[in-house]
Amino acid sequence: MRATKLKVVLGVIGADCHAVGNKIIMSVLAPLGIEVVNLGVMVSQDEFIDAAIETGAEAILVSSIYGHGEIDCQGFRGRCIERGIGEILLYVGGNLVVGKREFSTVEALFKDMGFDRVFRPSVDLVEVAGLLKSDIRKSQATTVQTERIAHRLAG
Amino acid sequence: MTLISIDIGSTWTKGAMFAFSAQGQLELVERTAHPTTVDNLARGFNAVLEALAANGAADELFYSSSAKGGLAVAAVGIVPEITAEMARITAHSAGAKLTRSFAYELTNADIAALQESIPDIILLAGGSDGGNAHYPVENARKLARSALPSTIVYAGNSHVRDDVEQILAGSDLICVDNLLPTLDCPNPEPARRAIRDVFLSKITAGKGLDEIVRATGREPSPTPYALYEYTKYISTFAPEFGEFVLIDMGGATTDVYSFHEEINTPGTVRRGLPEPRIKRTVEGDLGMRVSARAAAEALRALAPSDDPADAEFDRYVSKVTTAPETLPNNPEEMHYDALLAQANIATSLMRHAGRAHEVCTADGLVTMQTGRDLTRVSQIIGTGGYLAKTPGFNPSGGIPRLGADAQGKRILAPRGGQYRRDTDYLFPLLANIAKGHPAAAVQKGLQSLTAVS
């Protein structure tokens, strides 16, 4: 059994240059034992995926503050599948849409796009870290189980 | 105290004797050259050594070789813009001739390509430390099955090093630290040193270099490796000289070295790998003789108005390609050479420099930059046979014309500036000496440059 690894890729998507929130997320997650590969601001979908492939990250954390997240995140899961990391955990959070919309509709919108968790701007980051850890452990357990089954079938 | 430095090039074996003055400065005593004796490099080397030793025995000897056109390296990484790019940068900085570059999993076609032209070294990278374990292991398996005779330098994810070692137990394998342990901290030096060491042990065997090593008791440097180090020494021993670009243009290839430090500027967002202080890129398809055809095509693409596009020019290009020793013997041919040189320099700088484009954001226009921004680098040094020996040639006129590339992104090449010529073609020779006497070699090199207006 391999040791549980908690590595995530973090960045602000699209033409969004809000750097402060990004630094805050990093500064909260890192001391909680999560290794953060921070790509900073104005990150494209492919740059998130490139970094996740090279670093073997367990999750991608996408932030969007400027309201265009709905456009920028379109097709993210599909692109992950195309690039061979279709199973990766995808989190998104921030001011994700323009105008005042019920958070539940926003959440449904992004879950439809294939994001595993969607967060409102006021979310407690310690809570996010907790969810992240349990989600990663769960997905690793599934991987190990799948590997075992594959091994048994091969054997 | 006197020193001899010899550089075994692909066409000429060049040498010079230097003496230290009372003030500790290097003075040129004599310079000589002999055609490189390809069948046995020792003959040409000894001819040069004897000619120089006629001035008295030298206290120290330094020499380098770019014979065989340098060592052939194929680079393997995962993501093209990340570890595959880092492997390319590392191979170039080690003075290698990059033959091929692969990303993700090696295919059967990739292996076939490697078998068709077997590189001296395969630089196997991929994954940050503790990162991707699939591709490096899988590619190691593919290489093990292919049983290529190349030396494999493994510089990928260090957490799967044991697996790679086990898989490639039957191969000539050297494992070094990861060239990209984390995405923002490139670490090319261990892989670079490993490549140079392979050069020393492998390439020096045969062709007479082993004979030279035995007779002199000293090992050669790969010429481009020495020039890379020399570029670094200039930046540290002569900081007042400032940032610069060094162009070494030969008959077959054009090498560009630059010393530049990226500084974050407001309104600019940088993407991609962090840029190294010293960077070398090699254009294996651009040169004055063997590669003249590609130079002529580059001219057509870059400055169609300058392209003579007549039968005369075409004949000249064919002539110099088949007879690389050709020297221009009339004003027309000299003009042709200048056009080829201009195209080579502009194109190689274009490939060396970074790119920038503007993006509209809620905060206004933001500049997105990849690679290095050399627009404010104002010193350009030219070395190599043609650039050293052609007093009237100045490339800085053609460079500012580099506007945008095919994708509409601005090319961040130097905007002209002061061009200096390595008048006595001493740079490769001084680069060797810099190994033992960096400060004096740097001082002599900068002194021997001629400013071209």
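Provided above is the structure to which this section pertains.
Residues numbered from 1 in each chain as written. Chains lettered and ligands numbered in written order. Predicted model: local features only at pLDDT ≥ 70, side-chain atom pairs only at ≥ 80, totals over all residues. Heavy atoms only, no water.

### A few points about the overall build of chain A
Line of reasoning, step 1. On a plain count of helices and strands, chain A comes out with six helices and five strands.
Line of reasoning, step 2. Counting from the amino terminus, chain A carries its helices and strands in the arrangement β-α-β-α-β-α-α-β-α-β-α.
Line of reasoning, step 3. In terms of overall size, chain A behaves like a compact globule, its C-alpha atoms giving a radius of gyration of 16 Å where 155 residues would be expected to give roughly 15 Å.
Line of reasoning, step 4. The burial tally for chain A puts 48% of its 155 residues in the buried class.
Line of reasoning, step 5. Long-range contacts, defined here as pairs at least 24 residues apart, represent 77% of the contacts in chain A between residues at least 6 apart.
Line of reasoning, step 6. A total accessible area of about 7,700 Å² is found for chain A, and carbon and sulfur atoms account for 57% of it.
Line of reasoning, step 7. Distance between charge centroids for chain A: 6 Å, based on 17 positive and 19 negative side chains. (Helix = DSSP H or I, 4+ residues; strand = E, 2+ residues; numbered from the N terminus. Rg over C-alpha atoms; globule rule 2.2 N^0.38 Å. Buried < 20%, exposed > 50% of the residue type's maximum accessible area, 1.4 Å probe, protein only. Contact = heavy atoms within 4.5 Å. Areas by Shrake-Rupley, 256 points an atom, 1.4 Å probe, with all protein chains shown as cover. Lys, Arg positive; Asp, Glu negative; His and termini not counted. Charge placed at Lys NZ, Arg CZ, Asp CG, Glu CD.)

### Focus on the overall build of chain B
Line of reasoning, step 1. Along chain B, the regular secondary structure elements total 14 helices and 20 strands.
Line of reasoning, step 2. For chain B, whose C-alpha radius of gyration is 22 Å, the value lies close to the compact-globule estimate of 22 Å for 453 residues.
Line of reasoning, step 3. Over its C-alpha atoms, taken along the principal directions, chain B stretches across nearly 60 × 60 × 50 Å.
Line of reasoning, step 4. Buried positions account for 55% of the 453 residues belonging to chain B.
Line of reasoning, step 5. Taking the intrachain contacts of chain B between residues at least 6 apart in sequence as the baseline, contacts between residues at least 24 apart amount to 71%.

### As for the sheet that holds strand β18 (residues 410-411) of chain B
All names here are of chain B.
Line of reasoning, step 1. What the four strands build is an open sheet, ordered β13-β16-β15-β18; its pairing is mixed. Each edge of the open sheet carries a strand with a single partner, namely β13 (268-271) and β18.
Line of reasoning, step 2. One ladder, built from four bridges, connects β13 with strand β16 (residues 364-370); its direction is parallel. Across the sheet, Thr 268 pairs through a bridge with Thr 367, a residue of β16. (Pairing = 2+ DSSP bridges.)

### A short note on the side chain of Thr 223 of chain B
Residues and elements named next belong to chain B.
Line of reasoning, step 1. Along the chain, the position of Thr 223 falls in helix α8 (residues 223-237).
Line of reasoning, step 2. The exposure class assigned to Thr 223 is buried, which follows from its relative accessible area of 8%.
Line of reasoning, step 3. A polar contact is formed between the side chain of Thr 223 and the backbone nitrogen of Ser 66, at a distance of 3.3 Å.
Line of reasoning, step 4. Sequence-distant contacts of Thr 223, defined by excluding residues within four places in its chain, comprise Asp 7, Ser 64, Ser 65, Ser 66 and Pro 428. (Polar contact = N/O pair within 3.5 Å; in protein donor to acceptor, adjacent residues only side chain to side chain.)

### Digging into the interface of chain B and chain A
Size of an interface: often given as the accessible area lost when the parts come together.
Line of reasoning, step 1. Taken together, the 24 residues of chain B in the interface contact 18 residues of chain A.
Line of reasoning, step 2. The largest share of the area that chain B buries against chain A comes from Val 79, Leu 183 and Arg 271 of chain B, three residues that together contribute 30% of it.
Line of reasoning, step 3. Across the contact surface, chain B and chain A share one salt bridge.
Line of reasoning, step 4. A salt bridge links Arg 271 of chain B to Glu 47 of chain A, with the nearest nitrogen and oxygen atoms 2.9 Å apart. (Buried area = accessible area lost by both parts, 1.4 Å probe. Salt bridge = Lys/Arg side-chain N within 4 Å of Asp/Glu carboxyl O.)

### As for the nonpolar core
Line of reasoning, step 1. Formed by 57 residues in total, the largest nonpolar core has its most connected members in Phe 76, Phe 110 and Phe 115 of chain A.
Line of reasoning, step 2. In terms of residue count, the dominant contributor to this core is helix α6 (residues 189-203) of chain B (six residues).
Line of reasoning, step 3. Among all residues touching Phe 115 of chain A, those that are not within four sequence positions of it are Val 62, Cys 73, Phe 76, Leu 90, Tyr 91, Val 92 and Phe 110 of chain A.
Line of reasoning, step 4. By size, the runner-up hydrophobic cluster in this structure holds 37 residues, among which are Ala 296, Tyr 336, Ile 345 and Leu 387 of chain B. (Core = buried A, V, L, I, M, F, W, Y, C linked by side-chain atoms within 4.5 Å.)

### Some remarks on the packing of aromatic side chains
All names here are of chain A.
Line of reasoning, step 1. Throughout the structure, instances matching the rule amount to 13 aromatic pairs over all chains.
Line of reasoning, step 2. Taking the centre distance of 5.8 Å and the plane angle of 55 degrees together, the rings of Phe 48 and Phe 76 count as tilted. Separated by 28 residues along the polypeptide, Phe 48 in helix α2 (residues 45-55) and Phe 76 in helix α4 (residues 76-82) bring together distant segments of the chain.
Line of reasoning, step 3. Its relative accessible area of 0% is what places Phe 76 among the buried residues.
Line of reasoning, step 4. Among the aromatic residues, those joined into a ring-pair cluster are Phe 48, Phe 76, Phe 110 and Phe 115. (Phe/Tyr/Trp six-rings, centres within 6.5 Å; stacked < 30°, edge-to-face > 60°.)

### Concerning unusual backbone geometry
Line of reasoning, step 1. Here Met 42 of chain A, not a glycine, exhibits a phi torsion of approximately 55 degrees, which is positive.
Line of reasoning, step 2. If you trace the backbone, Met 42 of chain A turns up in the loop between β2 (35-38) and α2.
Line of reasoning, step 3. Look at Met 42 of chain A and you get buried, because its relative accessible area is 2%.
Line of reasoning, step 4. A positive phi angle is found at Tyr 425 of chain B, which is not glycine, with a value near 50 degrees.
Line of reasoning, step 5. Residue position: Tyr 425 of chain B is located in the loop between β19 (418-422) and α13 (427-434).

### Let's talk about helix α3 (residues 108-116) of chain B
All names here are of chain B.
Line of reasoning, step 1. Those residues of α3 that sit buried are Asp 110, Ile 111, Ala 113 and Leu 114. An end-on view of α3 places all buried positions within 155 degrees of arc, on one side of the element. Exposed residues on α3 whose side chains face more than 90 degrees from its buried face are Asn 108, Ala 109 and Glu 116. (Arc of directions from axis to C-beta.)

### A closer look at the state of the cysteines
Line of reasoning, step 1. Following the criterion strictly, the structure yields zero disulfides over all chains and no others.
Line of reasoning, step 2. The closest cysteine sulfur to the non-disulfide-bonded Cys 80 of chain A is located on Cys 73 of chain A, 11 Å from its own sulfur. (Disulfide = S-S within 2.5 Å.)

### Some details on the packing of α8 of chain B against helix α14 (residues 438-447) of chain B
Geometry of a packed helix pair, given as the angle between the helix axes and the separation of the axes.
Residue and element names in this part refer to chain B.
Line of reasoning, step 1. As a packed pair, α8 and α14 sit with axes 9 Å apart at the nearest point and diverge in direction by 90 degrees. Judged by the inter-axis angle, α8 sits roughly perpendicular to α14. Mapping the contact onto sequence places Tyr 230, Tyr 233, Ile 234 and Phe 237 in α8 and Pro 438, Ala 439, Ala 441, Val 442, Gly 445 and Leu 446 in α14.
Line of reasoning, step 2. Broken down by class, the residue content of the contact of α8 with α14 amounts to nine nonpolar, one polar and no charged. (Axes fitted to C-alpha atoms, helices over the stretch in contact; angles between N-to-C directions. Parallel < 35°, antiparallel > 145°, perpendicular 65-115°, else oblique. Nonpolar A, V, L, I, M, F, W, Y, C, P; charged D, E, K, R; others polar.)

### Some points on the environment of Leu 41 of chain B
Line of reasoning, step 1. For Leu 41 of chain B, the position within the fold is in helix α1 (residues 41-53).
Line of reasoning, step 2. When the C-alpha atoms of Leu 41 of chain B and Gly 208 of chain B are compared, they prove to be 5.0 Å apart, with 167 residues separating the residues in sequence.

Everything listed here is a matter of geometry and, on its own, says nothing about what the molecule does.
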